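Listed here are the chains, written in short residue letters.
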Amino acid sequence: MRVGVVGAGSMGRTLAGHLVTLGHEVAIANSRGPETLAGLATEIGATAVSVVDAVKAVAVVIIAIPTKAVADLPQALFANVPDSVVVIDVGNYHPELRDGRIDAIDRGMLDSQWVAQQIGHPVIKAFNNILARSLLEKGAPRGTRGRIALSVAGDSADAKATVLRLVDDLGFDAVDGGDLDNSWRQQPGTPAYCRDLDAVALRRALAEPDRSRIAEYRAEREAQLRASAN
Ligand SMILES: NC(=O)c1ccc[n+]([C@@H]2O[C@H](COP(=O)([O-])OP(=O)(O)OC[C@H]3O[C@@H](n4cnc5c(N)ncnc54)[C@H](OP(=O)(O)O)[C@@H]3O)[C@@H](O)[C@H]2O)c1
C-alpha cells in the first residue's frame, strides 16, 4: 500500500519505519518541509514529502502530530482525498502539558471526533494507546504468548478492517474498539491506555471505564506524566 504519514516525531517515524519494513511505500512529512527530513527518510527507506503531498495518491494517511497542530494543517488538505482513503488518528489531547485548551473537547467532543471535524474526513483511532517505545520494540509474531493488543475504533467497517489488519501485521493483536463514539475508552488515562495489555486484558480494560470521568482520567494521566518528568 501507499501510506502517507503526517508527523515525523516519535510516533510518525516509528510507524513509517515499520511500514517500510513490511513492504509498504511510505511518504513522510513534518511541519518544516521535506528538506529537513532527508536524513530520516533515507534511514528508514521512506520518501520525504510536504504535508500536501503526504495525502495525495495514498490508501492510508496516518496523522501523528500534536492535537493542537491539527488545526494548523493546510486549509482543505483533505478536500480532494477520496472517501475510500483511510485516515488514522494516533493523537492524544494533552491540554495542560502541550495542547492548551480546546473548548469543543473540554465540552465533551471526543479527541478523534474533533480531529475528524477539523480535517473534514472520517478517522479511525488507533496506536494512540501505546507508547512509541513499545511500538518500536515490542511487536511480536502472531500467536506469541502475551502479545500486546491494540484497539481500533471507528465508524467505517471497511476502514477499520484495514487498520485492524495493519495492527496485526505490525506485530500486535488487533481488538475492535467499537465505533468512534466509543473511542473515549482508549483516550488518555483510561484503563486501556498505554499499559501494553494482551487481548484478553485489553478487552476487559475497554469495558471498564466510566464515560463521565473522561476529563478526570486525562487529568490523572497528565499529572503522572508531569510527576515522571520531574
Ligand atoms: N510519543 C508517544 O509515545 C505517543 C504514543 C501514542 C500517541 N502519541 C500521540 O501522537 C501524536 C504525535 O506524538 P509524537 O510523540 O510523535 O510527537 P513528536 O515527537 O513531538 O513529533 C511531532 C511531529 O509532528 C510534526 N508536526 C507538528 N505540527 C505539524 C504540522 N502543522 N504539520 C505537519 N507536521 C507537524 C512535527 O514536525 P517538526 O519535526 O517539523 O517539528 C513532528 O515531526 C501526539 O498527539 C501524541 O500525543 C504519542
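Look up a bit, the structure's there.
Note that the structure is predicted; figures quoted are calculated from it, not measured.

S.K.: Would you mind going over the site of the ligand in detail, with residue names and values included?
M.R.: Residues in close proximity to the ligand total 25 residues, the closest being Ala 8, Met 11, Ser 31, Arg 32 and Ala 132. Contact distances for the ligand include 3.0 Å between an oxygen atom and a backbone N or O atom of Ser 10. Within the backbone of Asn 92, one N or O atom sits 3.2 Å away from an oxygen atom of the ligand. Burial of the ligand by the protein chains amounts to 78% of its free accessible area of 900 Å². Elements with a minimum of two residues in the shell around the ligand: helix H1 (10–21) and helix H4 (67–70). By residue class, the composition of the shell around the ligand is 13 nonpolar, 10 polar and two charged.

S.K.: Help me get a handle on unusual backbone geometry, residues and values and all.
M.R.: One non-glycine residue, Ala 57, adopts positive backbone phi at about 55°. Tracing the sequence through the fold places Ala 57 in the loop between helix H3 (51–54) and strand E4 (60–63). The exposure class assigned to Ala 57 is exposed, which follows from its relative accessible area of 63%. A positive phi is found at Ala 76, a non-glycine position, where the angle reads about 60°. Looking at where Ala 76 falls in the secondary structure, it is placed in the loop between H4 and strand E5 (86–89).

S.K.: An account of the pattern of salt bridges is requested, with residue identities and associated values reported.
M.R.: For the coordinates displayed, the defined rule picks out 16 salt bridges. For the salt bridge of Arg 147 with Asp 173, the shortest nitrogen-to-oxygen distance reads 2.7 Å. Remark: Asp 173 occurs in strand E8 (residues 173–176) and Arg 147 occurs in the loop between helix H8 (132–137) and strand E7 (149–152); sequence separation between them is 26 residues. A residue is classified by how much of its surface remains accessible, and Arg 147, at 3% relative accessible area, is buried. Of the charged contacts in the structure, one is a salt bridge between Arg 211 and Asp 181, with a shortest N-O distance of 3.1 Å. On the criterion of sequence distance, the pair formed by Arg 211 in the loop between helix H10 (199–207) and helix H11 (214–229) and Asp 181 in the loop between E8 and H10 is long-range, its members being 30 residues apart. In this structure Arg 211 comes out as partly exposed when scored by relative accessible area, which is 37%. Here the salt bridges do not stand alone but share partners, grouping Arg 142, Arg 147, Asp 168, Asp 169 and Asp 173 into one network.

About the criteria used
Residues numbered from 1 in each chain as written. Predicted model: local features only at pLDDT ≥ 70, side-chain atom pairs only at ≥ 80, totals over all residues. Heavy atoms only, no water. Near = heavy atom within 4 Å. Polar contact = N/O pair within 3.5 Å; in protein donor to acceptor, adjacent residues only side chain to side chain. Areas by Shrake-Rupley, 256 points an atom, 1.4 Å probe, with all protein chains shown as cover. Helix = DSSP H or I, 4+ residues; strand = E, 2+ residues; numbered from the N terminus. Nonpolar A, V, L, I, M, F, W, Y, C, P; charged D, E, K, R; others polar. Buried < 20%, exposed > 50% of the residue type's maximum accessible area, 1.4 Å probe, protein only. Salt bridge = Lys/Arg side-chain N within 4 Å of Asp/Glu carboxyl O.

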